[in-house]
There are 2 protein chains.
Amino acid sequence: MAAEPPRDGADAIQDAWRRELPGVPVESIGVITRIWWAAKFFGDERRRLLADLGVDVATLDLLSTLRRSGPPYRMSPGELAEACMVTRGAITQRVERAARAGLVERTTAGSGYHARAVALTDAGNALLDRVVADLLVAEDRLVGHLSPERREQLAGLLRELLAGLGGPSLTGQVGD
Amino acid sequence: MAAEPPRDGADAIQDAWRRELPGVPVESIGVITRIWWAAKFFGDERRRLLADLGVDVATLDLLSTLRRSGPPYRMSPGELAEACMVTRGAITQRVERAARAGLVERTTAGSGYHARAVALTDAGNALLDRVVADLLVAEDRLVGHLSPERREQLAGLLRELLAGLGGPSLTGQVGD
DNA sequence: TAGGCTGAGTTTAGGCCTAAACTCAGAGAG
DNA sequence: CTCTCTGAGTTTAGGCCTAAACTCAGCCTA
């Protein structure tokens, strides 16, 4: 009686592995592969939108993280690496690119080699003001086909999933 | 009465944007950011596991896609690009690397420039036999903290989300 | 049958990432 | 006071990707 949900590509992949490698547990595909596809879809959309607006995803992630930290919009490379969930080396490179574009500045906010910090410039803040609202509006539209209740359910289950993984949701501060 | 779910990083990001840019719609973050984090977590885990097993994610994706297509385990570059959801150029490079490692071969399966095809070699099939089961077992463990009912709900909601996006779930054949 | 179109595949330039080696200031032991 | 250790940050080598330019066989037209 219950309406069968229409089968999709993930179901087909499960079937294919059952056929090719009988006995392997394929249940995780229903969750992990679909999450992977959704993330790729949202990532591609974001990359294209931001390219039109003249930024790249990595730079916007850096600037957004600084902005969300609140005044004085200043963080150390180590804090940025943790919040952005990339290596310290990646942060060095992101900061280098953003600094060359005038969006952040390295403020040796203490004395000497340690106690370095990265701070948003006025240009960086202006870029965020110009871009983030557009981005969030566009992404709101992308998930708009789900009813608010469905979105709520999905967000809740994902929160549970992440809590159980013990990874990103605990310390990460990345996002938009 | 209802137990409040513990707040996580995505909730904090929503709050931060409400504070920094009042008026922007932040609801999508609850879904999109959490999906992004989960995908990053699973991707990082997969990369590390496969590195230990001596493969990289992109090569395994290529080989898996060929394997799942069934005998004779042969596809054109264009079909592979669509199934793997990467550009044709990326497929050219993946095939080049895999061919150099002896895992696939280019069988000019027709006449001339067109009608090219890529086929799994015995070594490629052997590598899949050796690696895929381990991978699926490991990933099954990663989502094991969710009860089967929860996993089912999550998979169903993700299927709905993807169907509404009109993207990956319709044509993609990527996966493990 | 010459000219041009089309679409599949390849090449190239450039971006961003990770992992591992490297650098350097400050802290602690002797 | 000097040596070593430690940990934050940077640099380098290498991997994978996209976007756009390029190549080329087959086909269609005149």
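Residues numbered from 1 in each chain as written. Chains lettered and ligands numbered in written order. Predicted model: local features only at pLDDT ≥ 70, side-chain atom pairs only at ≥ 80, totals over all residues. Heavy atoms only, no water.

K.L.:
Any chance you could explain the packing of aromatic side chains here in plain terms?
P.N.:
The geometry of an aromatic ring pair is captured by the separation of the ring centres together with the interplanar angle, meaning the angle of the planes. Counted according to the given criterion, the structure contains two aromatic pairs over all chains. Pairing Phe41(A) with Phe42(A) gives two aromatic rings, centres 6.1 Å apart and planes at 75 degrees, and the pair type is edge-to-face. (Phe/Tyr/Trp six-rings, centres within 6.5 Å; stacked < 30°, edge-to-face > 60°.)

K.L.:
For this particular structure, what's the right way to read the pairing of strand 3 (residues 117–120) of chain B?
P.N.:
Residues and elements named next belong to chain B. Of the two faces of strand 3, both are covered, the one formed by Ala117 and Ala119 as well as the one formed by Val118 and Leu120. Sheet topology note: the strand 1 (residues 74–75)/strand 3 ladder contains two bridges and is antiparallel. Bridged to arginine 74 within strand 3 is alanine 119. In terms of strand pairing, strand 2 (residues 104–107) meets strand 3 through four bridges, oriented antiparallel. By the bridge assignment for strand 3, threonine 107 is matched with alanine 117. (Buried < 20%, exposed > 50% of the residue type's maximum accessible area, 1.4 Å probe, protein only. Helix = DSSP H or I, 4+ residues; strand = E, 2+ residues; numbered from the N terminus. Pairing = 2+ DSSP bridges.)

K.L.:
Where do I start with the sheet that holds strand 1 (residues 74–75) of chain A in this structure?
P.N.:
Backbone hydrogen bonds are what pair the strands of a sheet, in a parallel or an antiparallel way. All names here are of chain A. Here we have three strands laid out as an open sheet, ordered 1-3-2, and antiparallel in their pairing. Only two strands of the sheet have a single partner each, and these edge strands are strand 1 and strand 2 (104–106). Pairing of strand 2 with strand 3 (residues 118–120), which is carried by three bridges, proceeds in the antiparallel orientation. Paired with arginine 106 across the strands is valine 118, a residue of strand 3. Along the sheet, helix 3 (residues 57–68) contacts strand 1, strand 2 and strand 3; its crossing angle with strand 3, the most-contacted strand, is approximately 85 degrees. (Contact = heavy atoms within 4.5 Å. Axes fitted to C-alpha atoms, helices over the stretch in contact; angles between N-to-C directions.)

K.L.:
Quick question: what am I supposed to make of the interface of chain B and chain A here?
P.N.:
By convention, interface size is frequently given as the accessible area that disappears when the constituent parts associate. With 72 residues of chain B at the interface, the matching set in chain A holds 72 residues. Of the roughly 6,800 Å² buried between chain B and chain A on both sides combined, carbon and sulfur atoms contribute 72%. A per-residue breakdown of the area chain B buries against chain A is headed by Trp17(B), Trp37(B) and Arg159(B), which together make up 10% of the total. Joining chain B to chain A, the criterion identifies six salt bridges. Scanning the region where chain B abuts chain A turns up 14 residue pairs in polar contact (both at pLDDT 80 or more). If you list the elements that add at least two residues to the side of chain B that touches chain A, you get helix 1 (9–20), helix 2 (29–53), helix 3 (57–68), helix 6 (122–142), helix 7 (148–165) and helix 8 (168–171) of chain B. In terms of residue count, the dominant contributor to the side of chain B that touches chain A is helix 2 of chain B (15 residues). Residue composition of the side of chain B that touches chain A, grouped by class: 39 nonpolar, 14 polar and 19 charged. (Buried area = accessible area lost by both parts, 1.4 Å probe. Salt bridge = Lys/Arg side-chain N within 4 Å of Asp/Glu carboxyl O. Polar contact = N/O pair within 3.5 Å; in protein donor to acceptor, adjacent residues only side chain to side chain. Nonpolar A, V, L, I, M, F, W, Y, C, P; charged D, E, K, R; others polar.)

K.L.:
Looking at this structure, how should I read the sheet that holds strand 3 of chain B?
P.N.:
All names here are of chain B. Here three strands make up an open sheet; going across it, the order is 1-3-2 and the pairing antiparallel. Only two strands of the sheet have a single neighbouring strand rather than two, namely strand 1 and strand 2. Running over the sheet, helix 3 touches strand 1, strand 2 and strand 3 and is turned about 90 degrees from strand 3.

K.L.:
Mind showing me how you'd approach the relation of the copies chain B and chain A here?
P.N.:
The operation relating the two chain copies consists of a rotation about an axis and a shift along that axis. When chain B is fitted to chain A, the best match, at an RMSD of 0.0 Å, comes from turning it 180 degrees and sliding it 0.0 Å along the axis. Considering both components of the superposition, the chain copies are consistent with a two-fold axis. When the interface residues of chain B are mapped onto chain A, 100% of them again fall at the interface, so both copies present the same face. (Least-squares fit on C-alpha atoms with pLDDT ≥ 70 in both.)

K.L.:
In this structure, what is going on with the pattern of salt bridges? I would like to understand it.
P.N.:
If charged atoms from side chains of opposite charge come close, those side chains can pair. Evaluated as defined, the whole model comprises 34 salt bridges over all chains. One salt bridge connects Arg48(A) with Glu45(A), and the closest N-O pair in it is separated by 3.9 Å. Within this pair, Arg48(A) and its partner Glu45(A) are both found in helix 2 (residues 29–53), separated by three residues, close to a single helical turn. Judged by its relative accessible area of 47%, Arg48(A) falls in the partly exposed class. A salt bridge links Glu160(A) to Arg150(B); the nearest nitrogen and oxygen atoms lie 2.8 Å apart. Linking Glu160(A) in helix 7 (residues 148–165) with Arg150(B) in helix 7, this pair reaches from one chain into another. By relative accessible area, which is 33% here, Glu160(A) ends up partly exposed. By relative accessible area, Arg150(B) is classed as partly exposed at 31%. Via salt bridges that share partners, Asp8(A), Asp11(A), Arg34(A) and Arg159(B) belong to a single interconnected network.

By themselves, these observations are geometric and do not establish any function.
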